[in-house]
Every structure is written in C-alpha cells, then in structure tokens.
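Residue strings, one per chain:
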Amino acid sequence: MCQNCPQPQSFLAELIDTGLLIDTGVDGLYGRSGLFEEVIARFDDLITRHGGQDGAEIVRFPPAMSRKHFEKSGYLKSFPQLAGTVHSFAGNERAHAELLHKVADGVDWTDGQISTEVVLTPAACYPLYPVVAKRGPLKTEGALFDLQSYCFRHEPSKDPARMQLFRMREYVRFGTPEQVTEFRATWLERGQEMMASLGVPLNLDVANDPFFGRAGRMLANNQRDQRLKFELLIPIESEEKPTACLSFNYHQDHFGTTWGIQTAAGETAHTACVGFGMERVALALFKHHGYDVARWPASVRNVLWP
Amino acid sequence: MKTRIREILKSTGKLPVDVATLADEADLYNAGLTSFGTVELMMALEEAFEVEFPDNMMNRRNFASVAAIENAIRTIQSEHV
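Just so it is clear, the structure is predicted and the values come from calculations on it, not from any experiment.

### A short note on the overall build of chain B
Then, in step 1: From N to C terminus, chain B includes 3 helices and 0 strands.
Then, in step 2: For chain B, the N- to C-terminal ordering of α and β elements is α-α-α.
Then, in step 3: In chain B, which comprises 81 residues, the proportion classed as buried is 26%.

Here it is in structure tokens:
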C-alpha cells in the first residue's frame, strides 16, 4: 500500500470540510448548514406530497417526553443502552460549591445530579401513544398521525449516518390489524417509489431493531421471523452495510396493550408506522449526487424543487 | 421435566390463564405469552436447567408450547454432553 499517497478522506470529514455539517467535538452531534437544512426541508415536503392527502392529524412534540410515559413504554426493556435521560442539579449551596470544585479539578461531578421528569425522545412516535390512549377508543376508521421530532440515541459513531440527535418524520396508524397492515403495505410501495424518484440506489430488506443483550437476540429473531420490520436501505458510509433510511414497522398489539388503546369495537388496537430518517436521506443525496445541489440530476432537482 | 417447565412458566410467563389448564401441546402465544414474556421465560429456564440457548434456537417455535420447550432443552442438553 502506498504510504505517501494522500488517503481518501472519510465522508464525515468531507461533510465537515464542505461546511454541510459543523463539528461540535462530540461524535454524532453536529450543526447543520443552511444548505443541509434546505435539503431536509425539500425532502420533508416530498413526504407530505406523498402522504399528505391521507388526512393524518399533524402533531409536533419537542424532542423530549415525560419520564413516566417513557418508563411505561417499555423502552428500557429493549434499548437501555440507547436511552438518554435528563438529569439536573438539586443540591444546596454547599453541594454547589463541591460541584464547582469537581468541575475545576476535572473529576466526575455528576454524582449529585438527580433525574428530572424529562427523557429525550427515542423515536418520534413515543410521546404520541399516551396521548392517543387518553382520548379513549378509536373511531371506526382508526387514526393516523403525522409526526416529526429530533430523536436521541446514545450511540456515538464516526459514521455521519449514525447521529446521536437526528430528525425522524413518521406516519403512525392505529386501528384493526387489517387497517394497519394495509397502511404498511401502502407505504412499502409508496416509499420505494418516492425514493426511486431521488435517483439513489435502493434495497428493501427484512430487519430487526438493536435489542439489548443476548436475550435481545431472541426479540430480534422473532421480529425477523414475523417480518415485522422492513427497511429501505441506501449505501452511504459503506456499500457492504447500507444505511436504513426508511423503516416500515408493524408493532402488532405491543403499544395497544402497553397503553390500553382500544378500537371502536373494543379490541386492543394494533399500530404500525413508517419512519423517515431525515438526515440519512439528506446524506444519501449528498453522497450520490455530490455536494453541489445545483449540479444534481435535473430529474432529482425537479422532484425536490417542483 | 414438563412439571418443572410448567412451574417456571407459571412464575415468569405472566400468562393471563392458569398454566395447569393448558395441554402440553397448547399454543402458549395464543394463551397470551408475549415476546418479553418469552425472554424472561428463556432466562429462567436457562438458570433452572443450567443450559444456554444458542442463537439459532432463540425463536418463537422453541417456546410455542410446554412440549416444544422440553424438546428444545433436551436438544441443547444432548449437544453439550
């Protein structure tokens, strides 16, 4: 191997060099440039053009949720390693002085922090379920929601497609098993059609969530066996391990049971969602069409800037 | 072994029905066994029978009934003599 030849720069380094992403000193935590945000906004609009006519109720939550709801959601059973809980100082003046000394000495100062009522949102739909449950039984036609939120997952990485804080747009369907599986089938078609219009290489595959630990292997195996999760993959950081940019999930009655959500007929509601990784799609576009959006293929520009 | 499996199922499976009313071949998922219930059941079985379920045996089929669980445990035991 040539030792003196310039090594190809990583995609992350290129994104930071071009100013699309802004380094903060923490892997997976980046600022975004105006151009990056423009591409996100155009993709957001494209999603609405495909899904907006379905009559979804639009709801936007801040990127945090109630800790009590988070605990009840079961997220800690499946993904304790990814959760981000918010803690704060609640001591007296003496404890404050100790804290400042510890910060100045560069030693751990967090032992006096206590958990707040707030947890960072792990997926855009998590704050929604208790809200729907509180409204009472669904109508005969079920329910459909349009969400978008920054989400947090503690998985620092040099792969720009694996951020710790990123935006997820979602459509979430509540209803009978027939209603929600039909919703997912529709979006499996629609999502592929929509992404094909962006001129990026695609591959649809059965997938599983990153359940924690050895026991989590069983949850993952079961999820795959039952084909509950599909991902639309696009190569970004690597050809061999393409990145999931859209996911199509059938939760069966998991959230319906957890939150006591009922259909109009009094059965436990089933749920499904389609999730769009906003930053991942923007990164895929920059990766495959270059950093100069003015030179992107006309067909792609026409789709994003109609 | 089935008696022991039933005891563990009763204490960890969190089934909404009485385990004693279920036949050996009865479908535990139809009886209300959840995916998280399956995980807890597996860990309790591993401790009780001193076995470890290999990755390729961690699936719904092997926990679908009392008889299926017994088969799975006997298979693991016979492969690790």
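There is more to say after this.
### Side note on the interface of chain B and chain A
Then, in step 1: Taken together, the 10 residues of chain B in the interface contact 8 residues of chain A.
Then, in step 2: Looking at the side of chain B that touches chain A, its residues break down into 5 nonpolar, 3 polar and 2 charged.

### Side note on the sheet that holds strand 3 (residues 57-59) of chain A
The strands making up a sheet associate through backbone hydrogen bonding, with each pair oriented either parallel or antiparallel.
Residue and element names in this part refer to chain A.
Then, in step 1: What the 7 strands build is an open sheet, ordered 3-7-8-12-11-10-9; its pairing is mixed. Either end of the sheet is taken by a strand with one partner, and the two such strands are strand 3 and strand 9 (203-206). Averaged over all pairs of adjacent strands, the angle between strand axes in this sheet comes to 20 degrees, irrespective of strand direction.
Then, in step 2: The sheet contact formed by strand 7 (residues 143-152) and strand 8 (residues 165-175) spans 10 bridges and is antiparallel. The partner of D146 across the bridge, within strand 8, is Y171.

### Regarding helix 3 (residues 66-79) of chain B
All names here are of chain B.
Then, in step 1: When the terminal C-alpha atoms of helix 3 are compared, their 20 Å separation across 14 residues agrees well with the 20 Å that a helix rising 1.5 Å per residue should span.
Then, in step 2: Among the residues making up helix 3, those that are buried are V66, I69, A72 and I73. Down the axis, helix 3 shows its buried residues gathered within 125 degrees of arc, on one side only. Away from the buried face of helix 3 by more than 90 degrees, exposed residues S78 and E79 are located.
Then, in step 3: Buried residues in helix 3 make contact with helix 1 (2-12) and helix 2 (35-49).

### A short note on helix 7 (residues 177-196) of chain A
All names here are of chain A.
Then, in step 1: End to end, helix 7 covers 29 Å across 20 residues, agreeing with the expected 28 Å (1.5 Å per residue, within 8%).
Then, in step 2: Inspection of helix 7 places Q179, V180, F183, W187, G191, M194 and M195 among the buried residues, and these make up the whole buried set. Relative to the axis of helix 7, the buried residues are bounded by an arc of 100 degrees and lie together on one face. Of the residues in helix 7, the exposed ones pointing more than 90 degrees away from the buried face are E178, E189 and E193.
Then, in step 3: Residues of helix 7 that are buried in the fold lie against helix 2 (34-51), strand 8, strand 10 (229-234), strand 11 (243-252) and strand 12 (270-277).

### Side note on the environment of A:V300
All names here are of chain A.
Then, in step 1: Positionally, V300 belongs in helix 11 (residues 298-304).
Then, in step 2: A residue is classified by how many C-beta atoms lie within 10 Å of it, and V300, with 17 of them, is partly exposed.
Then, in step 3: For the pair V300 and N249, spaced 51 residues apart in sequence, the C-alpha separation works out to 27 Å.
Then, in step 4: Those residues in contact with V300 that lie beyond four places of it in its chain are L198, G199 and H289.

### Remarks on the pairing of strand 12 of chain A
Residue and element names in this part refer to chain A.
Then, in step 1: Among the 8 residues in strand 12, 8 count as buried, and that is most of the element.
Then, in step 2: The alternating pattern of strand 12 places H270, A272, V274 and F276 and T271, C273, G275 and G277 on opposite faces, both of which are buried.
Then, in step 3: Sheet analysis places strand 8 next to strand 12, joined by 8 bridges and oriented antiparallel. If you follow R173 over to strand 12, its bridge partner there is A272.
Then, in step 4: Pairing geometry for strand 11 and strand 12, over 6 bridges, is antiparallel. When the sheet's bridge partners are listed, L246 is paired in strand 12 with F276.

Conventions we followed
Residues numbered from 1 in each chain as written. Chains lettered and ligands numbered in written order. Predicted model: local features only at pLDDT ≥ 70, side-chain atom pairs only at ≥ 80, totals over all residues. Helix = DSSP H or I, 4+ residues; strand = E, 2+ residues; numbered from the N terminus. Buried ≥ 20, exposed ≤ 12 C-beta atoms within 10 Å, placed from the backbone. Contact = placed C-beta atoms within 7 Å. Nonpolar A, V, L, I, M, F, W, Y, C, P; charged D, E, K, R; others polar. Pairing = 2+ DSSP bridges. Axes fitted to C-alpha atoms, helices over the stretch in contact; angles between N-to-C directions. Expected span 1.5 Å × (residues − 1). Arc of directions from axis to C-beta.

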